[in-house]
Amino acid sequence: MLFTKMHGLGNAYVIFNQLDEPIANQSLHELSKRVSDVNFGIGSDGIILISPSKVADYQMRIFNEDGSEAKNCGNGLRCVAKFLYDHMYATSRKFTIETLGGIVSVEVDVDQKHKVRTVTVDMGEPKLLKGMIPMLGDPVTVTLNEAHQFGDYSYHITAVSMGNPHAIIFVDDIKQVPLEIVGPLIENSSLFPERVNVGFVQIINSHEIDYRVWERGSGITMACGTGACAAVVAATLNKKVDKHVPITVHLPGGDLTISWDEHGHVWKRGPANYVCHGELDVSMMNTDINPIGRLII
Ligand SMILES: N[C@H](CCC[C@H](N)C(=O)O)C(=O)O
């Protein structure tokens, strides 16, 4: 099985292109767990499958490192758009991609060698009602800066779905957040029936924010595209940034430009990069991933 490893600001995915040939039928959940493992596999935040679509130009499916399937992936969409254009599947610079969270439209920006430099994605409209996140509570209400207790920690949550669920929390000093402790606490809280991605935001000024993420199913990643979108929506709802202007979101892996326009659509612009191309030895699907088998010196 041929693969291409790519990343969006260090949020890395192993991409399997099914446009020419479907990959051998096996559990995609298991495939993602094995391929994502840095010791027994390739090492990534998950896998992405590109397939034909009946309702858009292409289809993207994304699986997290723990094998769970997500409904959207902002960084993954930019990688897929670059892959499709650079490999000449897409002949126009604008095309559509079907995700489980809905159809998005992308536009690639190319360099002098006609290779994709940045990708702009119309991520569509965010969903804010608890019933759409999903989050426990009155399904027709919005979660805006609501106080909740997670173990010994209490935070004010703003919940936003970009097709996938995000809990956004504003803090004064993002460096002080014990993300590896509170991330899983909130991800797995019973408040979120389908778990949740957890984003911490520090406001820099009215058009600039810092953002760090604990991703559902992948843990701490260098960047989260849908999370950056959710962060800007939450900051706008809480009147912490200017409305309808491009907001620079600083993530550990780099910057994204996000805007929530006057028509309610969220736009994301950023880079996508190749890491390597290769062929997966399918025998690796039979090896046990045994983390406790790791060498303990
Ligand atoms: N962990 C996410 C999927 C990947 C999203 C992220 N990598 C992005 O760039 O949006 C979830 O379970 O909803």
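One numbering rule holds for all chains: residues counted from 1, following each sequence as written. Only residues with pLDDT of 70 or above have their local features reported here, since the model is predicted, and side-chain atom pairs are shown and tallied only from 80 upward, although totals for entire chains, interfaces and linings are computed over all residues. For the side-chain quantities, the full set of heavy atoms in the structure was used; hydrogens and water were omitted.

### Points about unusual backbone geometry
Turning to step 1, where the next piece is worked out: Ile133 connects to Pro134 through a cis peptide bond whose omega is 0 degrees.
Turning to step 2, where the next piece is worked out: Located in the positive-phi region is Asn145, a residue other than glycine, with phi close to 55 degrees.
Turning to step 3, where the next piece is worked out: With respect to the element layout, Asn145 can be found in the loop between β8 (116-122) and β9 (146-150). Under the scheme used here, helices are H or I runs from DSSP no shorter than 4 residues and strands are E runs no shorter than 2 residues, and both carry numbers assigned from the N terminus.

### Details of the UniProt feature "binding site: substrate" (unreviewed entry) in the protein chain
Turning to step 1, where the next piece is worked out: UniProt positions are given in the numbering used here, feature names are shortened, and annotations may be inferred rather than shown by experiment. UniProt's feature table lists "binding site: substrate" (unreviewed entry) at Asn11, Asn64, Gly74, Asn75, Asn164, Asn197, Glu215, Arg216, Gly225 and Thr226, given in the numbering used throughout.
Turning to step 2, where the next piece is worked out: Structurally, Gly74 is set in helix α2 (residues 74-86).
Turning to step 3, where the next piece is worked out: Discounting chain neighbours no more than four positions away, the residues touching Gly74 are Met123, Gly225, Thr226 and Lys268.
Turning to step 4, where the next piece is worked out: With respect to the helices and strands, Asn197 occurs in strand β12 (residues 197-205).
Turning to step 5, where the next piece is worked out: Asn197 sits in the buried class, given a relative accessible area of 3%.
Turning to step 6, where the next piece is worked out: The contact definition used throughout considers only heavy atoms, calling two residues in contact when any of these lie within 4.5 Å. Those residues within four positions of Asn197 in sequence are excluded, and the remaining contacts are Asn164, Pro165, His166, Ala167, Trp214, Glu215 and Arg216. Buried residues are those whose accessible area, probed at 1.4 Å on protein chains only, stays under 20% of the maximum for their type, while exposed residues exceed 50% and partly exposed ones sit between those limits.

### Some points on the pairing of strand β17 (residues 266-271)
Consecutive side chains along a regular strand alternate between the two faces of the sheet.
Turning to step 1, where the next piece is worked out: Burial along β17 is one-sided: Val266, Lys268 and Gly270 are buried, and none of Trp267, Arg269 and Pro271, which face the opposite way, are.
Turning to step 2, where the next piece is worked out: One bridge is not enough; two strands pair if DSSP finds at least two bridges between them. Judged from the 5 bridges that link them, β8 and β17 form a sheet pairing that is antiparallel. Looking at β17, one finds that Val119 is bridged to Gly270.
Turning to step 3, where the next piece is worked out: Examined bridge by bridge, strand β16 (residues 254-260) and β17 share 4 bridges and lie antiparallel to one another. Paired with Ile258 across the strands is Lys268, a residue of β17.

### Considerations on the pattern of salt bridges
Turning to step 1, where the next piece is worked out: Note on definitions: salt bridges are taken to be side-chain nitrogens of Lys or Arg within 4 Å of carboxyl oxygens of Asp or Glu. Applying the stated criterion across every chain, the model contains 9 salt bridges.
Turning to step 2, where the next piece is worked out: Its salt-bridge partner being Arg34, residue Glu30 comes within 2.5 Å of it at the nearest N-O pair. Residue Glu30 and its partner Arg34 are located together in helix α1 (residues 28-36), separated by 4 residues, close to a single helical turn.
Turning to step 3, where the next piece is worked out: We classify Glu30 as partly exposed; its relative accessible area is 29%.
Turning to step 4, where the next piece is worked out: Overall, Arg34 belongs to the buried group, its relative accessible area being 12%.
Turning to step 5, where the next piece is worked out: Across the salt bridge formed by Asp109 and Arg117, the nearest N and O atoms sit 3.1 Å from each other.
Turning to step 6, where the next piece is worked out: On the basis of relative accessibility, which here comes to 43%, the residue Arg117 falls in the partly exposed class.
Turning to step 7, where the next piece is worked out: The network of salt bridges with shared partners includes Glu30, Lys33 and Arg34.

### What about the site of the ligand?
Turning to step 1, where the next piece is worked out: Within the structure, the ligand sits among 16 residues, and Asn11, Tyr13, Gly74, Glu215 and Thr226 are positioned closest to it.
Turning to step 2, where the next piece is worked out: Tyr13 is positioned such that a nitrogen or oxygen atom in its side chain is 2.7 Å from a nitrogen atom of the ligand.
Turning to step 3, where the next piece is worked out: Here a polar contact is taken to be a pair of N or O atoms separated by no more than 3.5 Å, where protein atoms must pair a possible hydrogen donor with a possible acceptor and residues adjacent in sequence count only if both atoms sit in side chains. Taking Glu215, its side chain carries an N or O atom lying 2.8 Å from a nitrogen atom of the ligand.
Turning to step 4, where the next piece is worked out: Note on areas: these come from Shrake-Rupley sampling with a 1.4 Å probe, and a residue is covered only by the protein chains present in the view. In isolation the ligand has 360 Å² of accessible area, and contact with the protein removes 100% of it.
Turning to step 5, where the next piece is worked out: At the level of elements, β2 (11-17), β4 (58-64), α2 and α4 (225-237) are the ones that each hand at least two residues to the shell around the ligand.
Turning to step 6, where the next piece is worked out: Tallied by class, residues from the shell around the ligand come to 5 nonpolar, 9 polar and 2 charged.
Turning to step 7, where the next piece is worked out: Per-domain counts for the shell around the ligand show at least three residues from each of domain 1 (2-123 + 272-296) and domain 2 (130-264). We call a residue near a molecule or strand whenever a single non-hydrogen atom of that residue lies within 4 Å of it. In this count, Pro and Cys sit with the nonpolar residues alongside Ala, Val, Leu, Ile, Met, Phe, Trp and Tyr, while Asp, Glu, Lys and Arg are called charged and the others, Gly among them, polar. Throughout the structure description, domain borders are defined by an automatic or database domain assignment.

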